Each structure stands twice: as structure tokens, then as C-alpha cells.
Amino acid sequence: MVTEEFKDRSTAVLDVRGMYRASERAVVDKVLRRRPGVLDVEVNPVAQAATVVFDPRVTSVADLRRWVRECGYHCAGQSVPAHICDPMAEPDPPGGERDHPDTTAVQETGATAVLDRRADRETRPASRRTAVPGHEEHAPSPHEVMGQEKREEHEDHEEREDHGEHEDHGEREDRGGHDGHHGHHGHGDMSMAAMAADMRNRFLVAAVMSLLIMIWSPMGREMFGLGMPVPFGLREDVWALLLSLPVVFYSSWIFFAGAVRALRARTLDMMVLVAVAIGAGWLYSVYITLTGGGEVFYEAATMLATFVLLGHWFEMRARGGANDAVRALLDLAPPRAVVIRDGEQVEIPTSEVVVGDLMLIRPGSKIAVDGEVVEGESEVDESMVTGESLPVHKAPGSEVVGATINRNGTLRVRATKVGSDTALAQIVRLVQEAQNSRAPGQRLADRAAFWLVLVALVGGALTFVAWLLGGATAGTAVLFAITVVVITCPDALGLATPTAIMVATGMGAGRGVLFKNAMALETAARVQAVVMDKTGTLTRGEPEVTDVVTDGFDEGELLRLVAAVERESEHPLAEAIVRHVPGPVPRAEKFENIPGHGAVARVGDHRVVVGNRRLMEKEGVELGALAARRDELTAGGRTAVIAAVDGRAAGVIGIADAPRETSAAAVTALHEAGMEVIMLTGDTEATARRIAERLGIDTVMAEVLPGDKAARIAELQRGGRKVAMVGDGVNDAPALAQADVGIAIGAGTDVAIETADVVLMRSDPLDVPVALAIGRGTLRKMRQNLAWAVGYNAVALPIAAGVFQPAFGLVLRPEIAALSMSGSSVLVAVNALLLRRLRLPGGD
């Protein structure tokens, strides 16, 4: 458990490959929790990753990596986009401020760091240093220093890797045995696809050998009428023993190695059950063979292994599909980037790009890291990172995100964030942490799985004793005991929710909806009321022209005259009018800004006055019929800008913060899902009502002070409702924290995003019902899977124990039990994958 005494903490998402079974998560979990400095661990065998919260004053990523490898699994460090991040880099403590200084500060700091380190590196072998003739006394520029710092860090990482590999190899040789060998070299560093292929190969060997054993077994003679002579004149049981050796020492060795790892970690998992079942049947048969012959179970033991491996193979293929989203994210960033140094174009690895580098982005190329456009214009496809389907126009001053695609023009981009600070790395981290987190239901299932393994082992022993006391032969008692142990494997229970969470978070990431943890997914499914901030959430957060009322003037001509005056102003309302007018705008002369009132200028032969009523009174302009229209616009929550030409009132322009294009559709989708929609805003009642009526919102809470927003959320919660809050600003952060589910619009402030449980990267209100729909679909799948896993074990255990054999003759052989158990796990995984068929608002 995480305690309050640890104020300084870091979170690392570790790459942990080699977990064949869901239950193997307990090995890594138990071992790491016992290590100094580790505060919390969440292991996800589907993602082949683990989120570890640790005290950086006590331990480090290097220690965590070493401990995982000692468990028998592969670990390269953090699970990050390796071509842009260093897997062995130490993560920043959560909650602390990330350091994003300007380029100059970074360069100066980097120069100092590198120069300080160089004093300690004079003893490095000459082969690791490069001297440039004629430049021995050359003082490095800050930019050169930063590049050198990156290269030296990379060399340090290589040295750590070399040392770590050598050390681990030596440790494995010292320990000896198959556990270390198979734990790392056997399958530890495989991808999920390679592990599935390895499982397939093991299955094929077991299937062939099991079929051959079956041909020369009593069961084969009874079922198929075969009577083939045993090769080389051997006894049947001796021949079966020889054929079983590849099944036990190759195909099934992963189960024995996994059982040893679990027992070393002082835990029990599915590997222990399968190893006990196969080992007991095979060793009993070997004993009978070596003592003169009799009833043996080589065909049962090998067929048991075959069916378990078959189920594992199918299940791993399904699990691999659940992790597609994160694998796609990890591969998004380009491996290399073109930078301009000393006026020359240089292609370098993306991991060597430093803050301040000027990158050249050609049409069709991916942008390597986050940056700011300094030259050129283009359309950039950001769909792979934000989920936004339409290309976004970029010009000097625009921010760009790494891994997005430059569509047409050539851009020169100054790198502002690199490595783990890039948006892509942060998104990957967020998605991984969500996938590795456990819902409350899964925590209960994990505890139940441990006890179920214990029940299986004790139940198997009791079954063996009961049948012996009942007068059965030792062989019959062994078969029933093995069947109980096999069929009670809790693997389906372990897979019930992680696979659903993997699929759900992957679906969300593809749509630009990022869930921070499994709790957010589960709580989102229970939301009954959605509270939405107005400005920046339901609306764009910038004014735009909504109405144009004229009196005796052509609308287009009046707008051009007004735009000519407003183009000289810096007021946000003036910018809205200029944006609204298409085509060329005439030039204004003798412009005069009147603070708090408006502006006056000459446009051609006309004197144009633009402003509020007080300015019109000062200029002696009578509004006439426009006065009523002006009052009507104001009452509807709009800002009214009055225009006069040559001393006569010419028109009134209504300006307001307009709703986003998808706001109405979002409200409709929420209503269709049976949720109440509430607008919470500090704006006036009239302004809030205008937007609410246009969007069809049920309830309006207007003129609410920023400090009172959280209190309003708490008031709704006291009524017994689960509340989601959607916001984007600093003043929304307390309300986001108070709500059962806080949803931050991605274009909002860092404080809002940090406080929220869900982040909408596209800043699209329609993604609110999308997030809640994913939550409901995920909870439904988790409940279905848990119900199946628990129900299966409740029904299967008494059948396997032979309870119904005396009355009904109902008996399960071990190999059939293995097929049933594996089929249960496959069913759970496939059911979770069906979540991808969920219909989402917006047609996706």
C-alpha cells in the first residue's frame, strides 16, 4: 500500500515480457512489493507491462529492471517509444513540476552538466573518445554541448546494458537449472506474437507425441480398434515413456519453470496447478513403469499438456489483439529526423534531437518531436495522436505534435519537447498506466484466484484420499485428483477484467479519449448526470458574429466598413468581426481608439463609428428602430456592437461565444443514454440560457463563482447521483476533483488535465458520451466475464471430483478437463475483444 509518509515518489511503466499466463502477474507483484523503496505495483500480463510506484531516494529503474529479470522475465527498463526515449531514464516524480525551460536555459544547463561530467571521464578508454584534428582547444557551443550530452548519455546507457547483460548472464549460470534459462533466453525477451508462435510449436510437438502414445495405449485400442505392435519389441508403457519425454521436457517445461518462479515468489498460480497435474500423472506412471508395469497414464498426462497448450495458444493470440493500440502508439514516432546544424541538413536518430534543434519537415514526413513552427505553412494530420480527423493548418507560431504527418508544405520546426516530455510519450504513459491499473472487481478476483489455487490443490488431495477410502484403485484416485486440479485453474478469473480494460483503453486512445485508470472506466459506466462547463467546453471560448441587423444599408457593405475600422483594433470583439467578413476589406484612415467605448475612423468618403450605446450618445447618434433590436440581442446573452455611418445609425452586430459544432449532438447522445445534462458557468443567466436552449440542455446553473463550482457538484452528489464534470480551465479543477468522474477537454489547462480522470484530446464535446459509452460497455464485459469465470468453477469442481459418478456415471478425464479449462479462458478473452463492436456516438 502507498502510505502518506512517502512524499517523494516516481512512477515507471516497466516492460515485463515473458508472462505466458494471466496468473503469472502474482510473481512479479509479490517479488517487487518486497523490495525496498517499492510503494505500489500493478502488473498487466496482457500488456506485458507493470506500473511501479517507488521512492527514487531508495531505488531506481535499474534496480527494478534487475529485480524483474531475477524473477525470470525480460525487462529492458521502461516501456516507452524506444526510438525517442531512453528506457533506462529515471521518470519525473508525479505531481512535481516538469521542467520545460526555454532553449537558452536548457543549453546552459546542458553545457554545465556535460563539462562537469567530462572531468570524470578522462579515464575512459581512447577507443570511446573521438578527437577532431585542429579542434582540440575548441570551446563547444551550447548546441554542440547538448548534442554531446545526448550522445554521452546514449553511451552510458549502452555501457549499462552491456554490464547488465553480462551480470545477468553470470547470475543465471551461477544459479543453473532450467528456470533461469527458460525464463530469459527461452521466451523472456519475446514479443507477444513470438510467444504465441513458441506456444504453437510446443503444442504441435505435444499433439504429435500424444497421438503416437494414444495409438499404442489401451485407450487407443478401445476407442479406435487399433492393435499395432510396439516398435523394437518394447513394452507399451516403456514405449509411451520414451514418447512422453519431449512433451514433458520441452512442451510442458514452461509450466514447471513457471511453477518454480511462483513458489520462489511465495505465491500460488495457475502454473503450479498445471505443473502438479502433469507432473503427478507422469511421475506416477514412471514409478509404475520402473517397478514392473501396470496401469499408467502417459496418454492422459500428454493429452492434458496438449489441450492446455492449445488453449494457451488461442488465448495468447486473443490477448495480442487486445494490445494493438499501445503497440501502434509506441511505433508512431519516426526513428530518424532531419535537423539543420551550421546551415547543413543532417539526418540523426530521433532520440538525439535536443530542445532548440531546428528540424526540416518535408511534405509527407512525420514530425519527430513536439515543436513550434518558425517558417512555412502546411496542413498537418494529427489524427494518429489526437483522433482529430481533419488536417490542422499550421503557420509560424503554431505548435506541432511529434508523430503527426506533414501533408503538403515544407516546415521548419524548433524542437520544444523531446524524449519522455513529448505528447506522444505522455499519451503512451497515460494509456499504459490505465491498462495496468485494476478495477475494484479485479482486485477481488485476484485475491479469489490465489485461494482458488489453494482450494484446487487441497481439493485434489482430498479427492485422491476420498476415492482410495471408497475402495477405488490408486490409478482411479490419481485420475480424479488430477482432473480436480486442472479444471479449477483460475486463469479465466485472472483474464476477466484486464483484457476488457486493455480493449477499452485502446478504443478510447484511437478516438482521442484517454482514461487514466480502470476506476475511471468503471465509474464512467455508472454516471447519471453530466455537468458541463460552458466557455471552452460547450463553446469555442472565442467570440464570433451571430447576428447582423441593418437599417437602410446593404449588409455586406456595412460589414466591410465596420471591418475596416475593427482591423485596426486589438479588441477580441473586433477580431471576431474581421474574421466574419469574407473577401478584401478597405483601408481605414485617421483611426481613433476610444477605450471602453469603441473606435472611430474614416473609410473612403465615410466617417464610421463602431462601439456601444455610450459612444453613440457621445456622437449624437439616434438608434431609432435599432434600439429595440439592440435590447433584444442583449437580453438573449449577446454583446451588441452598434455601427453608425456619417452620423446615422446603420446597424447592430450581435457577438457571442458560439457553441462548438458537435455540442448539440453531444447533448442529444447523453439524453439518449438516459443522462441529465447540466450547464455550470460563471456567465450571466441570459447568456447561459441562450446556449442551453440552443443545445437542449436540461438545467442551467449560471453566475456560479469559480470557488463554488465544486460545492455545486457536491450538492448534486448528495442527491444520490453519480456525477461527471466536464471542464477545461484552472477554475474547473476543484469541480473536476470533486466529481465522481472528471473529464478534461484536451485544449484546456494543464491543471485541469492533471486533475481529471479522463482527457479528451480532440476537445470535442461529442467525445463525452463516447467516453461514458466505453465505460458502460467495459463494465458490462467485465461483469459477463467474472460471472462466467466464477460460475464455471462452481459447476466444474464437483463434476471433476466425481461427485456425480455413482448416481449418473458422469466422469471427466483430465484431458477433457484441460480442454474445458482452456476453452473457458479463450471464451473470456474473445468476449472482451467483442467490445470493439461497441457502437459509439458520432458513427464510430
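In this text, all values refer to a predicted model and were calculated from it rather than measured experimentally.

So, on to the packing of aromatic side chains. Inspection of every chain in the model, using the stated rule, returns 8 aromatic pairs. For the pair Tyr 284 and Phe 297, a centre-to-centre distance of 5.6 Å together with 20° between the ring planes defines the contact as stacked. Of this pair, Tyr 284 sits in helix 10 (residues 270–290) while Phe 297 sits in the loop between helix 10 and helix 11 (298–322), and the two are 13 residues apart along the sequence. Its relative accessible area of 21% is what places Tyr 284 among the partly exposed residues. Look at Trp 467 and Phe 480: their rings are 4.2 Å apart centre to centre, the planes differ by 5°, and that puts the pair in the stacked class. Residue Trp 467 is located in helix 15 (residues 440–469), and its partner Phe 480 is located in helix 16 (residues 474–487); the two are separated by 13 residues in the primary sequence. Each of the two residues, Trp 467 as well as Phe 480, counts as buried. Members of the aromatic cluster, connected to one another through ring pairs, are Phe 249, Trp 253, Phe 256 and Trp 282.

The next subject is the pairing of strand 24 (residues 741–745). Across the 5 residues that make up strand 24, a large majority, 5, are buried. In strand 24, alternate side chains face the same way, and those of Val 741, Ile 743 and Ile 745 on one face and Gly 742 and Ala 744 on the other are all buried. Bridge count for strand 23 (residues 723–727) against strand 24 is 4 bridges, and the pairing is parallel. When the sheet's bridge partners are listed, Val 726 is paired in strand 24 with Ile 743. With 3 bridges connecting them, strand 24 and strand 25 (residues 758–760) associate as parallel partners.

Of note in this structure, Phe 232 is not a glycine but carries a positive phi near 60°. In this structure, Phe 232 sits in the loop between helix 7 (218–224) and helix 8 (236–251). Relative accessible area serves as the criterion here: at 72%, Phe 232 is assigned to the exposed category. Not every positive phi belongs to a glycine, and Ser 763 is a case in point at roughly 55°.

One open sheet accounts for 6 strands, arranged 5-4-6-12-7-10; its pairing is antiparallel. At either margin of the open sheet sits one strand with a lone partner, and together these are strand 5 (344–349) and strand 10 (399–400). Strand direction decides the pairing type here: strand 4 (residues 336–341) and strand 6 (residues 358–361), joined by 2 bridges, are antiparallel. Bridging across to strand 6, Ile 340 finds its partner in Leu 358.

This part covers the packing of helix 18 (residues 498–511) against helix 30 (residues 767–800). Where helix 18 meets helix 30, the axes come as close as 9 Å, and the angle between the chain directions of the two elements is 165°. For the element pair helix 18 / helix 30, the angle class is roughly antiparallel. In this structure, helix 18 meets helix 30 at a crossing whose hand is right-handed. Contact residues: Ala 500, Ile 501, Ala 504, Met 507, Gly 508 and Arg 511 in helix 18; Asp 767, Val 770, Ile 774, Thr 778, Lys 781 and Met 782 in helix 30. In terms of residue class, the contact of helix 18 with helix 30 is built from 7 nonpolar, 2 polar and 3 charged.

Right, let's get into the environment of Arg 69. Tracing the backbone shows Arg 69 in helix 2 (residues 61–70). Separated by 52 residues in sequence, Arg 69 and Arg 17 have C-alpha atoms that sit 9.7 Å apart.

Take the confidence of the model for the chain next. Put simply, the chain has an average pLDDT of 79, and 81% of its residues get 70 or more. Looking over the chain, one finds the lowest element-wise mean pLDDT in helix 3 (residues 103–120), namely 30, and the highest in strand 6, namely 95. Predicted confidence is poor over residues 93–188, with pLDDT under 50, and the contacts of this stretch with residues over four places away or in other chains come to 112 contacts.

This structure, assessed with the given rule, holds 28 salt bridges. Taking the shortest distance from any N to any O, the salt bridge between Glu 24 and Arg 261 comes out at 3.1 Å. Taken together, the positions of Glu 24 in the loop between strand 1 (10–15) and helix 1 (25–33) and Arg 261 in helix 9 (residues 253–264) put the pair 237 residues apart, joining distant regions of the chain. Since its relative accessible area comes to 3%, Arg 261 is described here as buried.

We now examine the nonpolar core. Core analysis: the largest hydrophobic core is formed by 91 residues, its most contacted members being Val 52 and Phe 255. Of all the elements, helix 11 adds the most residues to this core, at 12 residues. Core analysis: the second largest hydrophobic core is formed by 48 residues, Val 503, Phe 515, Ala 518 and Met 782 among them.

Bringing helix 8 into the picture now. For helix 8, with 16 residues, the first-to-last C-alpha span of 22 Å sits near the 22 Å given by 1.5 Å per residue. Those residues of helix 8 lying buried are Asp 237, Trp 239, Ala 240, Leu 241, Leu 243, Ser 244, Val 247, Val 248 and Ser 251.

Cut-off values and rules
Residues numbered from 1 in each chain as written. Predicted model: local features only at pLDDT ≥ 70, side-chain atom pairs only at ≥ 80, totals over all residues. Heavy atoms only, no water. Phe/Tyr/Trp six-rings, centres within 6.5 Å; stacked < 30°, edge-to-face > 60°. Helix = DSSP H or I, 4+ residues; strand = E, 2+ residues; numbered from the N terminus. Buried < 20%, exposed > 50% of the residue type's maximum accessible area, 1.4 Å probe, protein only. Pairing = 2+ DSSP bridges. Axes fitted to C-alpha atoms, helices over the stretch in contact; angles between N-to-C directions. Parallel < 35°, antiparallel > 145°, perpendicular 65-115°, else oblique. Left-handed = near helix turned anticlockwise from the far one by under 90°. Contact = heavy atoms within 4.5 Å. Nonpolar A, V, L, I, M, F, W, Y, C, P; charged D, E, K, R; others polar. pLDDT = per-residue confidence, 0-100. Salt bridge = Lys/Arg side-chain N within 4 Å of Asp/Glu carboxyl O. Core = buried A, V, L, I, M, F, W, Y, C linked by side-chain atoms within 4.5 Å. Expected span 1.5 Å × (residues − 1).

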